[in-house]
Amino acid sequence: MLIKTFVSGLLLAATCLGNALAQNYPSKTISLIVPYPAGGPSDFFARKVQPDAASRLGQTLIVENVGGAGGSIGLSRLINAPADGHMLALASPMELVLAPMAIQGVKYKPEDFKMVAQFATTNTILAVRNSLNVKTVDELLALARKNSDKPLSYGSVGPGSLYHLIGEKFSQLTKVQMLHVPYKGIAPLLSDLMGGQIDMALLPMAGSIPATLLDGKIQGLAVTSKTPHPLFKQFPAMASMKGLEGMEFDIWAGIQVHKNTPDNVVNALNKAFYAAAESPDTRKAFEGSGNIVLPTRTPVELARVYQGEIERYRAIARSINLQPQ
């Protein structure tokens, strides 16, 4: 009986201490992990909201680029940190849902995280190196079939990333074999695509990608949606093409915390990051780079959205028989 009372007392004391710490949030510097190298779309989102969010939270907020293993190294760091809201991650379905299914060494699962804000969504675009000399999807497929003994290469940010899945789905639907080349992030992938080291890539229509397309440094062919992108109507919608009806993909960016983060901390982060994303300058930057800004949602609404996205991307992975590597 004494032992039971003692243990109960310890649990109560721990709960009270946790509540007290949560009430003082934030009490120290906040780290926002971007699970890719600097210069990519995830980094773009993080650095656009960083100053305003820090001001609203009344605490220093730093962006940390922790790339590698399809984004899972950065997410693993978050899941192993205290669940007190002083470490966050800017994440997408790639790192949250797909990496645990594709990479054997990943120990977390998407349910280990809680979404506190979801900023924007964007399509992906199939783009090729200029020296490939193709302007349409049909021309690309004709070239691939003509040189079937030498498969075209396509880049992604790692096994199990959405860009990897889209590439495999494209290969599956067209019956054209392709060589997958993984990278640690969009920035080095884009550099090699512009330099001609790889033939093509599926890229997010965000960050520096729209400007790269407009500058003619790479050739866009089509977007992975049912309708053309509102800012780039010159690129047809892949899902409207015969045989490619399944090529409809988008990707979102959001702020995640450990699932055990106290509710009042989650609420504070929710308000701060949505207010930062809705500021005129940030919204203009998001939309100007090709993103569709999402409406503000409460943590309860986000929990439902997140669960639906987990189920959706798991279904996509099953459709191509994604296996852990």
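Refer to the structure above for everything that follows.
Remember, predicted model here, so these are calculated numbers, not experimental data. (Residues numbered from 1 in each chain as written. Predicted model: local features only at pLDDT ≥ 70, side-chain atom pairs only at ≥ 80, totals over all residues. Heavy atoms only, no water.)

1. So, the overall build of the chain
So, point 1. Within the chain, the regular secondary structure consists of 11 helices and 10 strands.
So, point 2. Its C-alpha atoms give the chain a radius of gyration of 21 Å, within 12% of the compact-globule value 20 Å for 325 residues.
So, point 3. Considering only C-alpha atoms, the chain reaches an extent of 80 × 45 × 30 Å along its principal axes.
So, point 4. Across the 325 residues of the chain, 54% fall into the buried class.
So, point 5. Long-range contacts, defined as pairs at least 24 residues apart, comprise 76% of the intrachain contacts of the chain with a sequence gap of at least 6.
So, point 6. Only carbon and sulfur atoms are counted for the fraction: they give 55% of the accessible area of the chain, which is about 14500 Å².
So, point 7. Positive and negative side-chain charges of the chain, numbering 30 and 24 respectively, have mean locations separated by a distance of 2 Å. (Helix = DSSP H or I, 4+ residues; strand = E, 2+ residues; numbered from the N terminus. Rg over C-alpha atoms; globule rule 2.2 N^0.38 Å. Buried < 20%, exposed > 50% of the residue type's maximum accessible area, 1.4 Å probe, protein only. Contact = heavy atoms within 4.5 Å. Areas by Shrake-Rupley, 256 points an atom, 1.4 Å probe, with all protein chains shown as cover. Lys, Arg positive; Asp, Glu negative; His and termini not counted. Charge placed at Lys NZ, Arg CZ, Asp CG, Glu CD.)

2. Points about the pattern of salt bridges
So, point 1. A full pass over the atoms with the stated rule returns 13 salt bridges.
So, point 2. Residue E64 pairs with R77 through a salt bridge whose shortest N-O separation is 3.0 Å. Of this pair, E64 sits in strand β2 (residues 61-65) while R77 sits in helix α3 (residues 72-79), placing them 13 residues apart in sequence.
So, point 3. The residue D199 makes a salt bridge to R129 at a minimum N-O spacing of 2.8 Å. (Salt bridge = Lys/Arg side-chain N within 4 Å of Asp/Glu carboxyl O.)

3. Details of the packing of helix α4 (residues 93-102) against helix α11 (residues 299-319)
So, point 1. Where α4 meets α11, the closest approach of the two axes is 10 Å, and the angle between their N-to-C directions is 45°. Considered as vectors, α4 and α11 are oriented oblique to each other. α11 is crossed by α4, and the crossing has right-handed handedness. Note on element contacts: α11 touches α4 through Y306, I310, Y313, R314 and A317, opposite P93, L96, V97, L98 and M101.
So, point 2. Tallied by class, the residues present in the contact of α4 with α11 amount to nine nonpolar, no polar and one charged. (Axes fitted to C-alpha atoms, helices over the stretch in contact; angles between N-to-C directions. Parallel < 35°, antiparallel > 145°, perpendicular 65-115°, else oblique. Left-handed = near helix turned anticlockwise from the far one by under 90°. Nonpolar A, V, L, I, M, F, W, Y, C, P; charged D, E, K, R; others polar.)

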